[in-house]
Amino acid sequence: MDYTLQFGQITRFLPGFFTGALISLSLAAMAFAGGLLIGLAGAALKTYGSQLARRLVGIYVVFFTNTPQLVQIFFLFFVLPDAGVLLSPYSAVLIGMTLNAGAYLTEIQRAGFLSVRAQEIEAAETIGMSRLQTIRHIVMPHIVRTLFPPLSNHYISMVLGTSMAAVFGVNELTGQAMSANAETFRAVEIYLVVGAIYIAVTLVASALLVLAGRHLLRVRMAL
Amino acid sequence: MEGTFAEQLREFLTYANATFLLSGMATTLVLSVSGCVIGFLAGFGLAAVRKAGGRVPWIVRALVAVIVEAFRRVPFLVTLLIVFFAFQLAGGNVSVLVVGIVSVSLIATGYLSEIVRAGLDGVHPNQWDSAIVANFTYLQTLRYVIVPQAWRVILPPAFGFFLMFIKDSALASQIGVVELTYVGKVLNNKGYTPALAFGSILVLYFVLSYPLALLGRYLELRLAQAKHH
Amino acid sequence: MPKLSITNLVADYASTRVLDGISLEVENGDVTSLIGPSGSGKSTLLRVIVGLLKPSSGSIRVDGRSIDYDHADDLRAMRDQCAIVFQAYNLFQNMTALQNITIGPVKIRGRNPIEVRGEAMALLEKVGLADKAGSYPDELSGGQQQRVAIARALALRPRLLLLDEVTSALDPELVTDVLDTIRMLLRDHKITMLVVSHEMGFVRDVSSRVVFMAAGRVVEVGTPAQIFANPAEPRTRDFISKVRTL
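Residues numbered from 1 in each chain as written. Chains lettered and ligands numbered in written order. Predicted model: local features only at pLDDT ≥ 70, side-chain atom pairs only at ≥ 80, totals over all residues.

Observations regarding the overall build of chain C
Selection rule: Each helix corresponds to a stretch of at least 4 residues labelled H or I by DSSP, and each strand to a stretch of at least 2 residues labelled E; elements are numbered beginning at the N terminus. Throughout, radius of gyration means the C-alpha value; the globule benchmark is 2.2 Å times the number of residues raised to the power 0.38. Working definition of burial: number of other C-beta atoms within 10 Å of the residue's own, with buried at 20 or more, exposed at 12 or fewer, and partly exposed in between, all C-beta atoms being placed from the backbone. Remark: residues whose backbone-derived C-beta atoms lie within 7 Å of one another are considered to be in contact.
Looking only at helices and strands, chain C has 9 helices and 10 strands in total. Here the C-alpha radius of gyration of chain C, 18 Å, is about what a compact globule of 246 residues would show, namely 18 Å. Seen through its C-alpha atoms, chain C measures out along the principal axes to roughly 55 × 45 × 35 Å. Across the 246 residues in chain C, those meeting the buried criterion constitute 44%. Pairs at least 24 residues apart make up 67% of the contacts formed inside chain C by residues separated by at least 6 positions.

Shown next, in the form of structure tokens:
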């Protein structure tokens, strides 16, 4: 093998990589936020809705959780223009990731709703709390604390999932790596550095989430 | 390609396309299954090393921990690309499929190692005590006492990972592995309407994944009931 | 030569000194009991002897041979000679009562499985559990599990048997059965035993010598008569007076 690793050649791309990382984080955050809202509606419908509503949500969830996100985005990316909807690659990815997240977050939040124990509500009623008070002081905190770990983990996996946006030309971190590679062909160095950045970024994000959980919500989580 | 949807559908549903799609499915399965099997075996080994405590030098355990975390915190696509280009550098004529299998095995090792470790940790310490004082070696303890108790805790999340893995294998299309997603792209490039090309592979992924998901839920229920031996 | 000879044993656990210079001798064929308040280090001493906790200093000799707790071979040799029954029985949950007893001799010591099975069934009969040979630990009561644990220890033909508060985790009505089992085994076999127990009546009945420990130290050693009726040390007297003896 007559190839020497030359990390020096790629240092000029580092600012671009950090921009890319920020795009990854924000893309994941927006898709997560959208997915969280969809998931909230979906979980509510599935727990308290009519049979038809439950069926429809069920189909949505089952479809999006049993097919790859990459293919979902391919579908949107190529089919929507034919249907007359013109989207930038970024938007197509965002919509795809949001719909995908919505399905998973429906299930996660539904589990959170179901985890509320009847005894907690009974206990609140016996000390005279109204329905609204019970929800505000007992049920909501319980749900938030139960949901925090799985939601945090899903966000982190979504940050890693933004990597596939590069396939569509979005300049998040992996996209930046692909551009850098097209210029210098130092593929191994580039992707190793980018991999390290993903590790660092997700470690920091995980750490922040664990700390937030511990201090704001009194939820113990492992890194 | 013009014409009504029905006409396009008839053009699409040819024997050639059907076999092409099925071969893509087969490759997806090959990637997922081999990745998970290799990943489980290697992951089990790594978990056993980490659980060995003082029997193994701390530097080795630390290294294993780092490797495991690394493969879990790097996107699938990036790992695929690193392995792909590394193989390219090393020369030799390795097929993309092999590159794909190596990549998925590495990723699966990272994830499954943690799942196994959690399972081993779930066995009560006093089981280790009893084995130690009866002069069981570390491996004998794992084999006769710990693993028979841990596998129930390991199986559900491991199967869940396999299900997730089938979907993540779609990214192997990006390095040229002719699995199901790649087939979809080819069909799209051939001129079939994307709704058909990508729609069909969405359906096929679903057909692959959903029954397995149901099987997984069934297995979980059975395991929870028969909490015995 | 004493079977077990402990000299100035010091042990630490999580920055606490749990054993503070223990010296003790157990003669061959004797039953020596350790009594004392919780936290005095009695169970810890047994765990150190059997190698579950490493001593910081001091020596332990079995049959005159000093054990180097850093050496795997020494530990192995010592565990060949000693068997321990734990407070929490610690039966292997994935094996039947019979398998719990046979696995040590067969898989670890390589003895003939048929021979071992015969011996194991005989031991189960002895402890009154022959009909439970195929039962799993979660199908047995605490007392039954403990008796299986005793049979398991005996199957290893130990020269030194350590009993670590074997009745402390049992419901009161099950305690008698286990103690009777031990009494019976003592009648039939001459085993050197080191017993940690709160059951004072039992201790008085079976022991050749009683050792009173407190705060990681040996306070007083004597015959049961001496310790229970006429303790020399004030601390011993204090403890004995607070303990109801049968």
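That covers the picture; the talk isn't over yet.
As for the overall build of chain B
For chain B, the helix and strand inventory stands at 9 helices and 0 strands. Taken from the N to the C terminus, the helices and strands of chain B come in the order α-α-α-α-α-α-α-α-α. Along the longest, intermediate and shortest principal axes, the C-alpha atoms of chain B span 75 × 50 × 25 Å. Expressed as a percentage of the 229 residues in chain B, the buried residues total 41%. Expressed as a percentage of contacts within chain B between residues at least 6 apart in sequence, the contacts between residues at least 24 apart total 76%.

Digging into the interface of chain C and chain B
Many descriptions give the size of an interface as the accessible area lost when the pieces come together. Quick note on the threshold: Ten residues, namely Ala, Val, Leu, Ile, Met, Phe, Trp, Tyr, Cys and Pro, are considered nonpolar, four, namely Asp, Glu, Lys and Arg, are considered charged, and the remaining ones, Gly among them, are considered polar.
Each side of the interface is counted separately: chain C has 18 residues, and chain B has 16 residues. Elements represented by at least two residues in the side of chain C that touches chain B include exactly helix H2 (72-81) and helix H3 (97-108) of chain C. At 4 residues, the largest contribution of residues to the side of chain C that touches chain B is made by H3(C). Residue composition of the side of chain C that touches chain B, by class: 10 nonpolar, 4 polar and 4 charged.

So, the packing of helix H3 (residues 58-73) of chain B against helix H5 (residues 96-121) of chain B
All names here are of chain B. What counts, and what does not: Here, axes are lines fitted to C-alpha atoms. For helices the fit covers the stretch in contact, and angles between N-to-C directions go from 0 to 180 degrees. Every angle not falling under 35 degrees, over 145, or within 65 to 115 is termed oblique; those three ranges are roughly parallel, roughly antiparallel and roughly perpendicular. By convention, the crossing between two helices is left-handed when the near helix turns anticlockwise from the far helix through less than a right angle, and right-handed when the turn is clockwise.
Taken N-terminus to C-terminus, the directions of H3 and H5 make an angle of 115°; their axes are 8 Å apart at the nearest point. The orientation of H3 with respect to H5, classified from their angle, is roughly perpendicular. Considering only the axes of H3 and H5, their crossing is left-handed. For the pair formed by H3 and H5, the contact residues are Val68, Phe71 and Arg72 on the first element and Leu106, Ile107, Thr109, Gly110, Tyr111, Ser113 and Glu114 on the second. When its residues are assigned to classes, the contact of H3 with H5 shows 5 nonpolar, 3 polar and 2 charged.

Topic: the arrangement of the chains
In this assembly 2 pairs of chains touch, with chains A and B having more contacts than any other pair. In this assembly chain A lies apart from chain C, the nearest approach of their C-alpha atoms being 23 Å.

Examining helix H8 (residues 187-216) of chain A
We apply this condition: One fewer than the residue count of a helix, multiplied by 1.5 Å, yields its expected span.
With 30 residues, H8(A) should cover 44 Å at 1.5 Å per step; its first-to-last C-alpha distance of 42 Å lies within 8% of that length. Buried within H8(A) are the following residues: A:Ala187, A:Val188, A:Ile190, A:Tyr191, A:Leu192, A:Val194, A:Gly195, A:Ile197, A:Tyr198, A:Val201, A:Thr202 and A:Leu209. Looking at the buried positions of H8(A), the neighbouring elements they touch are helix H1 (14-48), helix H6 (131-161) and helix H7 (173-184) of chain A together with H3 and helix H4 (76-90) of chain B. Following H8(A) by one or two positions, A:Arg218 adopts a phi angle in the positive range, close to 55°.

Quick notes on the sheet that holds strand S5 (residues 65-66) of chain C
Residue and element names in this part refer to chain C. Definition in use: Any two strands with at least two DSSP-identified bridges between them are counted as paired.
Ordered by their spatial adjacency, 4 strands build an open sheet running S2-S1-S4-S5, and the pairing between neighbours is antiparallel. Whereas interior strands pair on both sides, the edge strands pair on one side only; in this sheet they are strand S2 (16-26) and S5. Sheet topology note: the strand S1 (residues 4-13)/strand S4 (residues 57-62) ladder contains 5 bridges and is antiparallel. Within S4, the residue paired with Val10 across the bridge is Ser57. Sitting on the sheet, helix H1 (residues 42-49) is in contact with S1, S2 and S4, with an inclination near 75° to S2.

Brief notes about the pairing of S2(C)
Residues and elements named next belong to chain C. In terms of strand pairing, S1 meets S2 through 8 bridges, oriented antiparallel. Each bridged residue has a counterpart across the sheet, and for Leu9 the counterpart in S2 is Ile22. Linking S1 back to S2 in an antiparallel pair, the connection comprises 2 residues, with Ala14 at a positive phi of about 50°.

Here's the deal with the interface of chain B and chain A
Facing the 32 residues of chain B at the interface are 29 residues of chain A. Listing elements by their share of the side of chain B that touches chain A, those giving two or more residues are H3, H4, helix H8 (180-190) and helix H9 (194-225) of chain B. Here the side of chain B that touches chain A is built from residues that sort into 22 nonpolar, 8 polar and 2 charged.

Quick notes on the sheet that holds strand S6 (residues 82-85) of chain C
Residues and elements named next belong to chain C. In space, the 6 strands of this open sheet follow the order S6-S7-S8-S3-S9-S10, with mixed pairing throughout. Each of the sheet's edge strands pairs with one partner strand only, and the pair in question is S6 and strand S10 (217-222). Going across the sheet, the axis of each strand differs from the next one's by a mean of 20°, ignoring polarity.

Quick look at the nonpolar core
For clarity, the threshold we go by: The term nonpolar core refers to a group of buried residues, namely Ala, Val, Leu, Ile, Met, Phe, Trp, Tyr and Cys, whose C-beta atoms join them within 7 Å.
Core analysis: the biggest nonpolar cluster contains 185 residues, and A:Tyr191, C:Ile84 and C:Leu162 have the highest contact counts within it. Looking at this core element by element, the count peaks at 11 residues for H5(B). Setting aside its immediate chain neighbours within four residues, C:Leu162 contacts C:Leu46, C:Ile49, C:Val50, C:Cys82, C:Ile84 and C:Leu194.

Let's talk about the packing of H3(C) against helix H5 (residues 142-155) of chain C
Residue and element names in this part refer to chain C. At a closest axis distance of 8 Å, the pairing of H3 and H5 adopts a crossing angle of 20°. Taken together, the axes of H3 and H5 lie roughly parallel to each other. By crossing handedness, the relation of H3 to H5 is classed as right-handed. Counted together, Ala97, Asn100, Ile101, Gly104 and Pro105 of H3 and Val148, Ala151, Arg152 and Ala155 of H5 form the full contact between these two elements. Tallied by class, the residues present in the contact of H3 with H5 amount to 6 nonpolar, 2 polar and 1 charged.

Quick word on H4(B)
Between its terminal C-alpha atoms H4(B) stretches 21 Å, which fits the 21 Å expected from 15 residues at 1.5 Å a residue. Along its buried surface, H4(B) packs onto H7 and H8 of chain A together with H3, H5 and helix H7 (138-168) of chain B. Once H4(B) ends, the next one or two residues include B:Gly91, with phi positive near 80°.

Description of the environment of C:Thr181
Residue and element names in this part refer to chain C. Of note, Thr181 is situated in helix H6 (residues 172-188). Judged by C-beta crowding, with 20 C-beta atoms within 10 Å, Thr181 ranks as buried. As for Thr181 and Pro231, which are separated by 50 residues in sequence, their C-alpha atoms are 29 Å apart.

Things to note about the environment of B:Cys36
Residue and element names in this part refer to chain B. Along the chain, the position of Cys36 falls in helix H2 (residues 15-51). Residue Cys36 is classed as buried on the basis of its C-beta count, with 24 C-beta atoms lying within 10 Å. Remark: the alpha-carbon pair of Cys36 and Phe161, spanning 125 residues in sequence, is separated by 8.5 Å. Excluding anything up to four places from it in sequence, Cys36 contacts Ala108, Phe162 and Phe165.

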